[in-house]
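So the chains spell out like this:
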Amino acid sequence: MIQPEIINRIIETLLMKIEAKDQEMGRLLVHDDFEQFDSRVNLWAIRENVRDLKETTVTDLTDIPKDIEIKVTFAPPSFFSDVLGGRKNVPYWQVATVIRILRKCDVVFDPRGKMQDWIDQAPLIEWDPEVIELKRQTTNLLLDRMNNRLREDMLADAYIWLIKAAEEAICVPLMKMNAFKVGTATLLLDALKGFDKEIYSFLTNILRISSFSTQKLEDARKELEKLADHLYQLNVKTDREMWILAAFVSINESERRLKQSTVAQGEISKQLFETAVAELWQAYFLVAQNPRKAVKLDPWVVGSFWNHFGFDDLNESWLQEQEKTVREILLY
């Protein structure tokens, strides 16, 4: 855990670097569920002269311990105002991200009072029923992909699409409860703990969390990291480049959480380990994306996934049983 005085020093130093040309509306310090084990400061800076999200790591601060990671995400005001203003067709991940940030942050710069206004509005936001329905449709589409791969006897591909379909389906009951920890297995595992133990057990089962040891997870991560680096070199400036770059974020997060799980104790250690497995799964899915190919998942990545997530009883019958559960979850 970073000492509060160091965090304050980082914030003050960065605020002194803001210039009028930056047109900054405000800055938020976003908290992490496991920040007592972390050496990371996560800031969001809202600037009128920014068009898209841009994350950067600050490395040029003096008198700050070198092991502290300082991340600043620059965002346009519309990233927040589109959600809070009820604009239609805002991507669900944007809605979820905005509300999660506003519900777990401190205002560190707010010259117009806009940041506090946004925080006050956040509890009033609810999921649009059309967005929830889209999750149902996406689940069915992914289950169709799973069954198509089964007909082609591609068990590993089918398994990957099953897990992704399960993620989408689990979002449905959570969104009905107006939960915003949705989108990835990492967020879903945390949200399900206080919502539904049966769905939580289902997700941990299909992610094979109990089958991983610290060493097995470390070996799988290292293998995927090498594979991702190789594929990135082959796919610079192609459709796959951004997918693989996003995967590296999850690979690094999996490594971080695994290390933290070895020093934590009890339930916190268990949660950190689950997070490490979920982030690794997310990384596999992202690296596997092969957008312009007839087969949408890269065979090299699928093979590595099968080596680490596969098991003896994984067959057509097992996959179809899990599919039934996914469809039942959609009816919650």
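The structure reproduced in this document is the subject of the present report. (Residues numbered from 1 in each chain as written. Predicted model: local features only at pLDDT ≥ 70, side-chain atom pairs only at ≥ 80, totals over all residues. Heavy atoms only, no water.)

## What to know about the nonpolar core
Thinking step 1. In this structure, Trp44, Phe80, Leu102, Tyr159, Trp281 and Phe309 are the most contacted members of the largest nonpolar core, which totals 95 residues.
Thinking step 2. It is helix 6 (residues 155-176) that contributes the most residues to this core, 15 residues altogether.
Thinking step 3. Counting residues in each nonpolar core, the second largest holds 18 residues, with Ile2, Leu29, Leu43 and Ile68 among its members. (Core = buried A, V, L, I, M, F, W, Y, C linked by side-chain atoms within 4.5 Å. Buried < 20%, exposed > 50% of the residue type's maximum accessible area, 1.4 Å probe, protein only. Helix = DSSP H or I, 4+ residues; strand = E, 2+ residues; numbered from the N terminus.)

## Brief notes about the sheet that holds strand 5 (residues 105-109)
Thinking step 1. As summarised here, the arrangement of the five strands in space is 3-4-2-1-5, forming an open sheet in which the pairing is mixed. Two strands bound the open sheet, and with one partner strand each, they are strand 3 (54-58) and strand 5. Looking at each pair of strands side by side, their axes are set apart by 25° on average, direction ignored.
Thinking step 2. Pairing between strand 2 (residues 40-47) and strand 4 (residues 69-75): seven bridges, direction parallel. Note that in strand 4 the partner of Ala45 across the bridge is Phe74. (Pairing = 2+ DSSP bridges. Axes fitted to C-alpha atoms, helices over the stretch in contact; angles between N-to-C directions.)

## Observations concerning the side chain of Gln322
Thinking step 1. Note on placement: Gln322 falls in helix 13 (residues 316-329).
Thinking step 2. Look at Gln322 and you get buried, because its relative accessible area is 9%.
Thinking step 3. Residues in contact with Gln322, not counting those within four places in the same chain, are Leu162, Phe202, Asn205 and Ile206. (Contact = heavy atoms within 4.5 Å.)

## Topic: the pattern of salt bridges
Thinking step 1. With the rule as written, the count across this model stands at 36 salt bridges.
Thinking step 2. In this structure, Asp82 engages Arg87 in a salt bridge whose closest nitrogen and oxygen atoms are separated by 3.1 Å.
Thinking step 3. A relative accessible area of 18% means that Asp82 is categorised as buried.
Thinking step 4. For Arg87, a relative accessible area of 56% gives the class exposed.
Thinking step 5. Between Glu253 and Arg256 there is a salt bridge, with its nearest N and O atoms 3.7 Å apart. On the criterion of helical spacing, the pair formed by Glu253 and Arg256 is a turn pair, its members being three residues apart in helix 10 (residues 241-263). Here the two residues Glu253 and Arg256 agree in accessibility, since each one is buried.
Thinking step 6. When salt bridges with common partners are traced through the structure, they connect Asp32, Asp38, Arg40, Glu55, Glu69, Lys71, Glu253, Arg256 and Arg257 into a single cluster. (Salt bridge = Lys/Arg side-chain N within 4 Å of Asp/Glu carboxyl O.)

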